[in-house]
Structure formats: structure tokens, C-alpha cells
Amino acid sequence: MPSTFHDIPLERPCTPLLDSLDSTAQLRELDVAQLPELADELRLFLLWSVGQTGGHFGAGLGVVELTIALHYIYDTPEDRLLWDVGHQAYPHKILTGRREQMATLRQKDGISAFPRRSESPYDTFGVGHSSTSISAGLGMAIAAQLQGLDRRTVAVIGDGAMTAGMAFEALNHAGEVDADMLVVLNDNDMSISHNVGGLSNYLAKILSSRTYAHMREGSKKVLSKIPPAWELARKTEETAKAMLAPGVLFEELGWNYIGPIDGHDLPTLVTTLRNMRQLKGPQFLHVVTKKGKGFSPAEADPIGYHAITKLEPKPASNGQSKPRYSNIFGQWLCDMAEADARLVGITPAMKEGSDLIAFSERFPQRYFDVAIAEQHAVTLAAGMACEGAKPVVAIYSTFLQRAYDQLIHDVAVQDLDVLFAIDRAGLVGEDGPTHAGSFDISYLRCIPNMLIMAPADENETRQMLTTGFLHHGPAAVRYPRGTGPGVPVDPALQALPIGKGVLTRQGQRVAILNFGTLHANALLAAEALDATVANMRFVKPLDTELLQQLADGHELLVTLEENAIMGGAGSAVNEWLLDQGIQVQVLNLGLPDLYIEHDKPASMLAECGLDASGIERSIRDRLSAED
Ligand SMILES: Cc1ncc(C[n+]2csc(CCOP(=O)(O)OP(=O)(O)O)c2C)c(N)n1
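Residues numbered from 1 in each chain as written. Predicted model: local features only at pLDDT ≥ 70, side-chain atom pairs only at ≥ 80, totals over all residues. Heavy atoms only, no water.

A few words on the overall build of the chain. Along the backbone of the chain there are 27 helices and 19 strands. Rg of the C-alpha trace for the chain: 27 Å, near the compact-globule value of 25 Å for 627 residues, within the 12% margin. Expressed along its principal axes, the backbone C-alpha trace of the chain runs to roughly 85 × 55 × 55 Å. Taken over 627 residues, the chain has a buried fraction of 59%. Considering only contacts in the chain between residues 6 or more positions apart, those separated by 24 or more positions represent 77%. A total of about 24,700 Å² of accessible surface is found on the chain, and carbon and sulfur atoms cover 54% of it. Taken as two groups, the 52 positive and 77 negative side-chain charges of the chain have centres that lie 3 Å from each other. (Helix = DSSP H or I, 4+ residues; strand = E, 2+ residues; numbered from the N terminus. Rg over C-alpha atoms; globule rule 2.2 N^0.38 Å. Buried < 20%, exposed > 50% of the residue type's maximum accessible area, 1.4 Å probe, protein only. Contact = heavy atoms within 4.5 Å. Areas by Shrake-Rupley, 256 points an atom, 1.4 Å probe, with all protein chains shown as cover. Lys, Arg positive; Asp, Glu negative; His and termini not counted. Charge placed at Lys NZ, Arg CZ, Asp CG, Glu CD.)

Rendered as C-alpha cells:
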């Protein structure tokens with residue numbers, strides 16, 4: 001096995017056993033004794049292939065054995081296998097007919113980073129967001145029961161994904177309906193960061209009760225050959241279990257808890273799954289794995305190796321790398337925390353992605369990683385705000401969708417001072433449609449009391465964060481993935497006048513009303529067209545004075561945003577013009593009414609006509625249609 005990042009093979013490794021398998025039916029014909037060899041080859045292939053394409057790394061390495069054992073014992077795709085989040089499903093893709101397509105992973109027209117129903121019959125449920133697998137699996141199990149089918153359903157969920165409320169809603173319901181399904185808890189003690197919270201501590205306690213595990217392992221070895229006896233024995237050991245408590249939480253919810261077992265020990269996995277497949281009712285298997293297993297740098301640094309970029313010779317650096325928008329936020333958060341002791345920072349399990357690392361180290365008392373619990377994050381902020389704290393919820397646009405009711409009912413209706421720092425707004429590239437932040441302007445704009453800001457560059461991002469923080473009531477600043485134009489950032493904590501945009505270029509006939517970071521593209525297009533450009537800055541409240549002025553002085557108003565056209569900032573402009581009875585031609589540019597497939601971010605923007613030449617083209621087309 002390679003032991004450093006640059007040892008990841010550049011040449012395709014020799015994997016004859018893996019190459020001989022084109023279906024899971026063939027896999028099931030192998031002897032159990034061949035499975036460890038298959039696991040070695042699968043791991044090598046995975047290392048090589050992710051090295052070529054980039055993508056999620058540690059989670060897949062951790063479930064190599066589990067993936068083999070599940071496909072070996074279950075009659076996939078007839079039996080339904082669901083992967084929670086889906087970032088660990090690369091070994092599943094490799095074993096289910098997509099080995100050769102792995103070279104196209106996350107690229108245009110290539111296979112997706114996550115399971116997708118349209119991609120393969122083995123991908124039983126589309127994912128990307130976490131903690132859906134038990135609900136969806138339960139739905140499938142109930143449907144099978146209603147149809148009189150003897151089909152098995154298995155949901156694999158990580159200990160991170162298990163922290164979400166949805167997972168517990170489903171666990172609770174499944175116990176009630178006595179569904180025939182298996183939940184495999186893949187416990188590696190990690191989310192993207194270290195997993196946090198009481199559940200995580202509880203799982204750790206189970207693992208540390210060695211006596212229990214030892215006893216159980218011993219009994220299982222004996223009983224494994226006679227499944228009915230195993231079930232009987234399970235029932236009779238209730239008393240001992242209640243004393244020692246492992247898994248009792250799941251048992252009390254109506255699940256038959258088995259484990260913990262070593263998720264890298266193929267014979268144990270196979271035997272246990274073979275037995276559990278026979279059992280009726282809700283079954284819960286606790287499997288312990290190591291994230292990054294088999295590749296020592298990833299084992300040692302599971303956070304750094306959650307996902308990697310592809311192996312490439314290092315580009316020559318000019319020594320000045322531009323900060324990402326997340327970094328602008330991270331720096332602002334520390335500076336504002338320094339200035340205002342009421343500030344608290346909240347992240348739903350995205351410390352690294354949202355760049356709260358420095359804040360968490362400098363202000364540990366005011367830092368809250370709430371685990372993968374977006375709904376809780378928002379209502380927690382609301383509660384804090386009621387008591388005079390000034391919470392900042394750092395959240396990706398796509399994940400804020402999870403907490404929509406909390407945003408309205410708990411924050412906005414009560415007009416509470418909560419600032420939403422909305423990262424990954426707009427298209428996000430290789431993660432594709434499940435992760436795109438395409439809708440936040442639309443879903444925020446209709447909420448009374450919201451202040452909504454879309455910065456054009458890094459400096460405005462900082463200014464708007466300050467504006468939102470100092471504002472009374474809920475406020476949102478939306479900024480994209482990646483880097484911006486490289487505008488120098490004023491270290492002052494300077495607020496902007498609310499509801500005021502600025503004219504950034506004076507031209508004629510056409511005025512581009514820009515909302516957000518497409519501003520640089522707007523200016524380029526405007527140069528070619530001699531158009532006016534306004535950086536509107538505020539989606540809500542709109543700068544209606546500026547809008548009136550632009551409508552008076554131009555034939556065509558072009559709204560521009562990296563958000564769905566429907567309901568977006570352009571819609572706000574349309575509504576206002578209509579309301580005022582102002583007659584002017586309008587062209588709304590933004591994201592179309594469809595899901596944009598994974599690709600390089602710049603190509604996705606170009607596909608939507610939102611690069612400079614696309615903007616120019618759309619405007620010319622409209623002008624020539626009018627002339
Ligand atoms: C609703 C939602 N919030 C946040 C994320 C981002 N995210 C992707 S994977 C992950 C960690 C998952 O941890 P776990 O389920 O334990 O899987 P592991 O990576 O440890 O195998 C997070 C937070 C997400 N996909 N969905």
C-alpha cells in the first residue's frame with residue numbers, strides 16, 4: 001500500500017480479481033476466502049482512481065470491506081442498498097459495473113460523486129445531503145411489504161450522519177411499524193471534523209465496554225452457524241445487556257442492536273450479515289471502521305483527506321494565493337468576535353468548509369459545532385438571540401434548505417438578530433446539483449423582516465457581514481465557493497448603508513443590475529456593449545431609487561445573479577417595476593429552471609450563459625430582437 005500522498009499510483013494497478021467482476025452476481029460466486037484479496041485490489045484501485053480524478057477519499061477507503069460484504073450477502077440490486085450522504089459510495093460504484101467509468105467521476109458527462117437513481121439500478125436513492133437513508137430505506141421496506149415482496153432493505157449511515165434529527169425521526173418510526181430493514185451504523189468516530197455530541201460519546205462508550213464486546217464476540221462465534229438460536233439467545237441476554245447498556249438506546253427505539261463488530265474483518269462481517277439477513281423486524285448493526293483505512297496519511301489525517309484534489313504537478317505559485325470567500329468570512333468572524341463579546345459562531349458540522357478553524361481555537365467558549373443538525377443550528381441561534389447574544393450561523397446555501405421552517409418560524413417571525421453567513425451560494429462545481437446553492441435568494445426573499453445581501457467581491461463580503469451583524473433583525477450575506485476577483489480587503493469593520501446600491505459604470509441604452517459576484521463578468525460585458533452597470537448589493541430591501549433612475553435612463557434593464565431566475569433578485573426587480581407601473585424592457589439573467597450537472601465551476605457558469613461572453617450574447621440577442 002502507498003504511504004504518502006505522492007505515492008498514490010499514477011499507473012493503473014494490477015487488479016485481476018476485481019477486473020474479472022462485472023456484476024455483483026459474479027461477486028457472490030466467489031469463495032469467502034477470496035474476499036480479502038478482492039478488498040486489497042479494490043482499495044488499490046480506489047486509491048489510483050481518486051488520485052486521477054480527485055473526490056471523496058477517506059470515507060470510501062473505510063468501507064471497502066463493508067461494501068464487499070453487503071453486496072456478497074445481499075441480492076443487490078434486487079435487495080435495496082442505500083448509502084447515506086453517498087460520499088463513501090465509490091467502492092460501491094466500482095463493484096456495480098462502473099469500474100471503467102470511475103475515470104469520469106465528477107467531470108462533465110461523467111458519473112456523479114454520489115449515488116444517483118438515473119446512473120445505475122444499484123443506486124437505489126439519490127443523495128448528497130446527509131441523514132436521509134433510514135427514512136428512504138424505511139419507505140422502500142414498507143412499499144415492499146405492501147407489495148408482498150420478500151425484498152431486503154439496508155441503509156448504511158455514518159456516525160456523523162446519525163447525529164441529524166431526521167435519522168432519529170426515522171429510527172423512531174421504524175420501531176413503531178416493525179419494518180423489515182437493516183441499518184448499518186458505520187462508526188469511524190468522524191464526521192468531516194471529529195464527530196461531536198452526546199451520541200458520539202455514547203457510541204464511544206459502547207466501544208470502550210470491552211468486556212461486553214468480548215463476551216458478545218465469543219457468543220456470536222458459537223451461535224453464528226445456527227441463526228434461530230442466535231436470535232433466541234439475543235432475547236435471553238436482555239437482562240445482561242440492560243446492565244451493561246451497549247446499544248440500549250437503539251433497542252429502546254425498537255431495534256435489534258448487534259455489535260459493535262470490526263468493519264474491516266471480512267469473515268466476521270460476512271457471517272454477521274448472513275445471519276442478520278434472516279432476521280425479521282428492524283435490525284441495527286454497529287460496525288466500527290477507520291476512515292482512510294489502508295492509506296496511512298489518510299488514517300493519520302482523516303479531516304485533511306475527507307476529499308482530495310486530483311494528483312497533478314504543483315502549479316507554479318506566484319506566492320500570492322487569493323483568499324477564498326470562506327476565508328474572508330473566517331477572518332471577519334474573528335475580528336468581529338474581538339470587537340463584540342456578544343458574538344457566537346455556529347456551524348452544523350462544517351468547521352473546515354466554512355472556515356471556523358481559527359475562530360474555534362481563539363474563541364472556544366463562543367464556538368458551537370452542533371453536528372449535522374441544520375434545523376437545530378438555526379433554532380439554537382434564535383434562542384441565543386432572545387437572550388441578547390449575537391449569533392452568526394455559518395451555513396452552506398444548500399444545507400440551509402434543511403432549516404427553512406426554523407428560519408421563518410423561529411427567527412424571522414420573531415425578528416431576532418441572527419446573521420446567516422451563507423457560503424457556497426450559486427453553482428458549486430464537481431459536487432453537482434445536490435450541493436448547488438441555487439435557491440437561497442428565492443427562498444429568503446419572500447420572508448418578511450429578512451435583510452438579504454449579495455456582495456460583488458471580497459471587501460464587500462466583509463462590509464456586508466458587518467452590516468448584517470449590526471442590523472437589528474435577521475440578515476443574510478450570500479457568497480460563493482472559491483476565490484473572488486482579489487479585491488483588497490479593508491480591515492475596518494465598516495457597515496454599508498442599507499438598501500443602497502452603487503453605479504459602477506455609466507453607459508447607455510442598457511443597464512446591468514448586478515446582484516453578487518458576477519459583477520466582474522457584468523463589467524466585461526458592459527465594456528463590450530457600452531452598458532451601464534449597477535452593483536445593487538441588496539436583494540432586500542431593493543434600492544428602488546437607483547432602480548427608478550436606471551429605468552428612466554435606459555431602454556433595457558438586465559438583472560444578473562447566480563441564483564434561480566425564478567423568484568430571484570430579478571423577480572424582485574420585475575415585481576417592483578410592475579407595482580410602480582414602470583414600462584421598461586427587462587431581461588432576467590440567472591440560473592435556468594433545471595439542475596445543472598457537475599462540471600468545472602467556470603464551465604457551469606458558461607453553460608448558463610453567465611460568463612462575460614454569455615451575458616454579452618444574451619443582451620445582444622435581446623437588443624437585436626427589439627430593433
Ligand atoms: C445535510 C448535510 N449537512 C452537511 C453535509 C456535509 N457533509 C458531508 S459528509 C459529512 C460528514 C459525514 O460523516 P459520517 O456520516 O460519519 O460519514 P464519514 O465521512 O465519517 O464516513 C458532512 C457533514 C451534508 N452532506 N449534508
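Read on, since the account is not over.
Here we take up the pairing of strand β16 (residues 532–535). Burial of the side chains of β16 extends over both faces: Thr532 and Ala534 are buried on one face and Val533 and Asn535 on the other. Across three bridges, strand β14 (residues 502–505) lies against β16 in antiparallel orientation. Across the sheet, the residue bridging to Leu503 is Ala534, located in β16. On the question of chirality, the crossover connecting strand β15 (residues 510–515) to the parallel β16 by way of helix α23 (residues 519–529) is right-handed. (Pairing = 2+ DSSP bridges. Right-handed = clockwise from strand over helix to strand, strands pointing away.)

On to the pattern of salt bridges. Going through the model one piece at a time under the given rule, you end up with 32 salt bridges. Lys280 serves as the salt-bridge partner of Asp180, at 3.6 Å between the closest nitrogen and oxygen. Linking Asp180 in the loop between α8 (165–177) and β4 (181–187) with Lys280 in the loop between α14 (266–277) and β6 (282–288), this pair joins segments that are 100 residues apart in sequence. A residue is classified by how much of its surface remains accessible, and Lys280, at 54% relative accessible area, is exposed. Glu545 is paired through a salt bridge with Lys500; the nearest N and O atoms lie 3.4 Å apart. Taken together, the residues span a long stretch of sequence, with Glu545 in helix α24 (residues 544–553) and Lys500 in the loop between β13 (475–478) and β14 at a distance of 45 residues. (Salt bridge = Lys/Arg side-chain N within 4 Å of Asp/Glu carboxyl O.)

Owing to its 3.6 residues per turn, the α-helix brings residues three or four apart onto one side. Relative to the 20 Å expected for 14 residues at 1.5 Å per residue, helix α7 (residues 133–146) spans 20 Å between its end C-alpha atoms, a close match to the ideal helical length. Residues Ser133, Ile134, Ala136, Gly137, Leu138, Met140, Ala141 and Ala144 constitute the buried set of α7. If you follow the buried residues of α7, they end up packed against β2 (80–83), β3 (153–158), α8 and β4. Following α7 by one or two positions, Gly148 has its phi on the positive side, about 70 degrees. (Expected span 1.5 Å × (residues − 1).)

For the coordinates displayed, the defined rule picks out five cavities of 30 Å³ or more. In this structure, the largest cavity spans a volume of roughly 90 Å³. Forming the boundary of the largest cavity are Leu427, Pro433, Ala436, Ser438, Phe439, Ala564, Leu591, Pro592, Leu594, Tyr595 and Ile596. A per-class count over the lining of the largest cavity returns 10 nonpolar, one polar and no charged. Each pocket or cavity is described by its volume, and for the second largest cavity that value is around 80 Å³. Considering the residues around the second largest cavity, the lining is formed by Ala425, Ala454, Pro455, Arg478, Tyr479, Pro480, Phe515, Gly516, Thr517, Leu518, Glu561 and Glu562. Partitioning the lining of the second largest cavity into residue classes produces seven nonpolar, two polar and three charged. (1 Å grid on protein atoms, 1.4 Å probe; cavity = no way out; pocket = protein on both sides within 12 Å on 5 of 7 lines; lining within 4 Å. Points joined across faces, edges and corners; volume = space filled by probe spheres on them. Nonpolar A, V, L, I, M, F, W, Y, C, P; charged D, E, K, R; others polar.)

Around the ligand lies a shell of 22 residues, among which His87, Gly160, Met190, Lys291 and Glu374 are the nearest. For the ligand, an oxygen atom lies 2.9 Å from a polar atom in the backbone of Ala161. Contacts to the ligand include Lys291, whose side-chain N or O atom sits 2.7 Å from an oxygen atom. Looking at the shell around the ligand residue by residue, the classes come out as nine nonpolar, nine polar and four charged. (Near = heavy atom within 4 Å. Polar contact = N/O pair within 3.5 Å; in protein donor to acceptor, adjacent residues only side chain to side chain.)

This next bit is on the environment of Val413. Of note, Val413 is situated in the loop between α20 (404–412) and β11 (419–423). The class of Val413 is exposed, set by a relative accessible area of 62%. The sequence separation of Val413 and Ile447 amounts to 34 residues, and the corresponding C-alpha distance is 8.7 Å. Residues within four places of Val413 in sequence aside, it is in contact with Ile408 and Asn449.

Overall, mixed pairing links the seven strands, which are arranged β9-β8-β10-β11-β13-β12-β17 in an open sheet. The two strands at the open ends of the sheet, each matched to only one other strand, are β9 (367–369) and β17 (538–540). Across this sheet, the average inter-strand angle for adjacent strands is 20 degrees, counted without regard to direction. Here strand β12 (residues 451–453) runs beside β17; their pairing, made up of two bridges, is antiparallel. The residue of β17 that forms the bridge with Met453 is Phe538. (Axes fitted to C-alpha atoms, helices over the stretch in contact; angles between N-to-C directions.)

Closest axis-to-axis distance for the α24/helix α25 (residues 569–580) pair is 11 Å, and the angle between their directions is 75 degrees. As the angle between them shows, α24 and α25 are arranged roughly perpendicular. Of α25, the residues touching α24 (which contributes Thr544, Leu547, Gln548 and Ala551) are Val573, Trp576 and Leu577. Of the residues contributing to the contact of α24 with α25, the split by class is five nonpolar, two polar and no charged. (Parallel < 35°, antiparallel > 145°, perpendicular 65-115°, else oblique.)

A separate point is the sheet that holds β4. Within the open sheet, the five strands sit side by side as β2-β3-β4-β6-β5. Their pairing is parallel. Taken across any chain shown, the strands that pair with only one partner, and hence form the sheet edges, are β2 and β5 (256–262). Strand-to-strand, the axes of this sheet are offset by a mean angle of 20 degrees, without reference to chain direction. Sitting on the sheet, α7 is in contact with β2, β3 and β4, with an inclination near 175 degrees to β3.

On to the packing of aromatic side chains, then. This model, assessed by the stated rule, comprises 16 aromatic pairs. Between Phe57 and Phe295, the ring centres sit 5.5 Å apart and the planes meet at 85 degrees, which makes this aromatic pair edge-to-face. Of this pair, Phe57 sits in the loop between β1 (55–56) and α4 (58–62) while Phe295 sits in the loop between β6 and α15 (296–300); the two residues are 238 residues apart in sequence, bridging distant segments of the chain. Overall, Phe57 belongs to the buried group, its relative accessible area being 2%. (Phe/Tyr/Trp six-rings, centres within 6.5 Å; stacked < 30°, edge-to-face > 60°.)

On to the nonpolar core. Ranked by size, the top nonpolar core spans 79 residues in total, and within it Phe57, Ile68, Leu70, Ile134, Met162 and Phe250 carry the most contacts. When residues in this core are grouped by element, the largest group, nine residues, is from helix α3 (residues 35–53). If we ignore the near neighbours within four places in the chain, the residues touching Ile68 are Leu27, Leu35, Leu38, Ala39, Leu42, Leu95 and Leu266. One finds Met350, Val411, Val573 and Ile582 within the second-largest nonpolar core, a separate group that totals 52 residues. (Core = buried A, V, L, I, M, F, W, Y, C linked by side-chain atoms within 4.5 Å.)

Functional significance is not addressed by these values, which are geometric in nature.
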